[in-house]
Amino acid sequence: MTCVILGVSGASGAALALSVARHLVDLSIGVELVVSPAAERTLHAECGETALRSLTDLADHVHAPSDIGARIASGSAPVAGMIVAPCSMRSLAAIAYGLDDNLLTRSASVQLKERRPLVLLTREAPLTLAHLSNMTAATEMGAIILPPVPAFYLNPTSLADVVDQIAARAVDLLHIAPPICRAWTG
């Protein structure tokens, strides 16, 4: 079975993590999950008291962020890539500069060194020069920066439509299944 690492950091946009996980499960792609302590708090605040449980129920394996020795911390782990949804500016900075201080950032670094897709749904506004510099540094190493920007041209009718489209686009950027996001038809 193809597996993907889903990292969830503490930025606002916790619903993106749930949507990415659902898309992966729908595609029969395994989910290796790492949720930061700040993300646990954000999931609860933004998605309700059962959100963390719903997310972990979708995962094949749940890894503690402190478990720097987990299998996904190694390049030999058979994964197809990683999505960080949402990606906080703190996690972005750690990834951009190789600060592998927890399993989420270590797993992201491994994807970069192994030349596997790493999609970062960076979540902050407005952006400082530090944020932009970190995005540039991560991009130069091979990461894909995907700010969760709505595709208004698709005329979404709900916030769920917006979230699901962004999450589908993140999954599509891994190139491991036929495209699932709605495409512009002209």
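Now for a look at the structure at hand. Not measured: the values here are computed from a predicted model.

Re the overall build of the chain
Now for step 1: When you go through the chain residue by residue, the secondary structure sums to 7 helices and 6 strands.
Now for step 2: Expected size for 186 residues packed as a compact globule is a radius of gyration near 16 Å; at 15 Å, the chain falls within 12% of this value.
Now for step 3: The principal-axis extent of the C-alpha atoms belonging to the chain is close to 45 × 40 × 35 Å.
Now for step 4: With 186 residues in all, the chain has 48% of them scored as buried.
Now for step 5: Taking contacts inside the chain between residues at least 6 apart in sequence as the whole, the part at least 24 apart equals 77%.
Now for step 6: Summed over its atoms, the accessible surface of the chain is roughly 8900 Å², and 56% of this surface lies on carbon and sulfur atoms.
Now for step 7: Within the chain, the 16 negative side-chain charges are centred at a point lying 4 Å from the centre of the 12 positive side-chain charges.

Let's talk about the packing of helix α1 (residues 14-26) against helix α2 (residues 37-47)
Now for step 1: Interhelical geometry of α1 versus α2 gives an angle of 95 degrees and a closest axis separation of 8 Å. With respect to their mutual orientation, α1 and α2 come out roughly perpendicular. Listed contacts from α2 to Ala14, Ala15 and Leu18 of α1 are Thr42, Leu43, Glu46 and Cys47.
Now for step 2: Class assignment for the residues of the contact of α1 with α2 results in 5 nonpolar, 1 polar and 1 charged.

Some points on the sheet that holds strand β1 (residues 3-8)
Now for step 1: One open sheet accounts for 6 strands, arranged β3-β2-β1-β4-β5-β6; its pairing is parallel. Taken across any chain shown, the strands that pair with only one partner, and hence form the sheet edges, are β3 (61-63) and β6 (144-145).
Now for step 2: Sheet topology note: the strand β4 (residues 82-87)/strand β5 (residues 118-122) ladder contains 4 bridges and is parallel. Its bridge partner being in β5, Cys87 is matched across the sheet by Thr122.
Now for step 3: In the packing of helix α4 (residues 89-96) onto the sheet, contacts are made with β4, β5 and β6, and the angle to β5 comes to roughly 145 degrees.

A short note on the environment of His61
Now for step 1: Topologically, His61 is positioned in strand β3.
Now for step 2: Residue class for His61 comes out partly exposed when judged on its relative accessible area of 35%.
Now for step 3: Along the backbone, His61 and Val163 are 102 residues apart, and their C-alpha atoms lie at a distance of 24 Å.
Now for step 4: For His61, the side chain forms a polar contact with the side chain of Glu32, separated by 3.1 Å.

A look at the environment of Thr139
Now for step 1: On the secondary structure map, Thr139 appears in helix α6 (residues 129-141).
Now for step 2: In the structure, Thr139 is positioned 82 residues away from Asp57 in sequence and 32 Å away in space, judged by C-alpha atoms.
Now for step 3: Here the side chain of Thr139 touches Met135 through a polar contact of 2.8 Å, landing on its backbone oxygen.

Some details on the nonpolar core
Now for step 1: One finds Leu6, Leu55, Ile83 and Leu121 to be the most contacted residues of the largest nonpolar core, which totals 32 residues.
Now for step 2: At the level of elements, β1, α1, β2 (30-35), α2, α3 (51-58), β4, β5 and α7 (159-172) are the ones that each hand at least two residues to this core.
Now for step 3: At 7 residues, α1 tops the list of elements feeding residues into this core.
Now for step 4: Dropping the residues within four chain positions of it, Leu6 is found in contact with Ala17, Val20, Ala21, Val31, Glu32, Leu33, Val34, Leu55, Ile83 and Ala85.
Now for step 5: Ranked by size, the runner-up nonpolar core spans 24 residues in total, among them Ala96, Leu112, Leu120 and Ala143.

Re the pattern of salt bridges
Now for step 1: Tallied over the full model, the rule gives 5 salt bridges.
Now for step 2: Of the charged contacts in the structure, one is a salt bridge between Asp100 and Arg106, with a shortest N-O distance of 3.3 Å.

Definitions and cut-offs
Residues numbered from 1 in each chain as written. Predicted model: local features only at pLDDT ≥ 70, side-chain atom pairs only at ≥ 80, totals over all residues. Heavy atoms only, no water. Helix = DSSP H or I, 4+ residues; strand = E, 2+ residues; numbered from the N terminus. Rg over C-alpha atoms; globule rule 2.2 N^0.38 Å. Buried < 20%, exposed > 50% of the residue type's maximum accessible area, 1.4 Å probe, protein only. Contact = heavy atoms within 4.5 Å. Areas by Shrake-Rupley, 256 points an atom, 1.4 Å probe, with all protein chains shown as cover. Lys, Arg positive; Asp, Glu negative; His and termini not counted. Charge placed at Lys NZ, Arg CZ, Asp CG, Glu CD. Axes fitted to C-alpha atoms, helices over the stretch in contact; angles between N-to-C directions. Parallel < 35°, antiparallel > 145°, perpendicular 65-115°, else oblique. Nonpolar A, V, L, I, M, F, W, Y, C, P; charged D, E, K, R; others polar. Pairing = 2+ DSSP bridges. Polar contact = N/O pair within 3.5 Å; in protein donor to acceptor, adjacent residues only side chain to side chain. Core = buried A, V, L, I, M, F, W, Y, C linked by side-chain atoms within 4.5 Å. Salt bridge = Lys/Arg side-chain N within 4 Å of Asp/Glu carboxyl O.

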